[in-house]
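Below, each chain spelled out in residue letters.
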Amino acid sequence: MSTKGNFMAFLGGATVGAVVAVLFAPDKGEVTRQKIGKAVAEGKDKMNDLYTTGKQKAKEAYEQGRDKVSESYRKGRERLSEAISAGREMADEELDAVREVLSKDKNKSDKNDKSDEKKTDNKK
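Residues numbered from 1 in each chain as written. Predicted model: local features only at pLDDT ≥ 70, side-chain atom pairs only at ≥ 80, totals over all residues. Heavy atoms only, no water.

Student: Would you mind showing me how to read the overall build of the chain here?
Tutor: Within the chain, the regular secondary structure consists of 2 helices and 0 strands. For the chain, the proportion of its 124 residues judged to be buried stands at 2%. Of the roughly 11100 Å² that the chain leaves accessible, carbon and sulfur atoms contribute 57%. (Helix = DSSP H or I, 4+ residues; strand = E, 2+ residues; numbered from the N terminus. Buried < 20%, exposed > 50% of the residue type's maximum accessible area, 1.4 Å probe, protein only. Areas by Shrake-Rupley, 256 points an atom, 1.4 Å probe, with all protein chains shown as cover.)

This is how it looks when you write it as structure tokens:
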């Protein structure tokens, strides 16, 4: 049984015990009915207070949980965005380095082709 269930059982037992005690008390019927009415009203008030307090605590817990989840989500998106930006930056740097190497190789190749053409022209 849950804590809430145990507490509700305790309150129910206390109420029944109070009613039984009043019924067996040596008072007149009118006084006994007044005591029972008062006990029931007090029990009702306590239950309403407990309900209101529990509802408020549950609402606060929900809001705190929601806020924590929202903050974690926001931070996660921010970190992911930073990681993506860093990855793109690194990829761009690598791409530039590859283009530079290819450009140097192409220049060497072009020079070699011209040199080969000259050699071929000289042989003719």
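Back to the write-up after that little detour.
Student: It is not clear to me how the pattern of salt bridges should be interpreted in this structure. Could you clarify?
Tutor: A pair can form between side chains of opposite charge whenever their charged atoms are brought close. All chains considered together, the criterion is met by 6 salt bridges. Here Asp67 and Arg66 are joined by a salt bridge, their closest N and O atoms 3.7 Å apart. Among the salt bridges present, the one from Arg74 reaches Glu71, with a minimum N-O distance of 2.5 Å. In this pair, Arg74 and Glu71 both sit in helix H2 (residues 29–123), 3 residues apart, roughly one turn of the helix. Overall, the relative accessible area of 39% leaves Arg74 in the partly exposed class. Shared partners join several salt bridges into a network, and the residues in it are Glu71, Arg74, Lys75 and Glu78. (Salt bridge = Lys/Arg side-chain N within 4 Å of Asp/Glu carboxyl O.)

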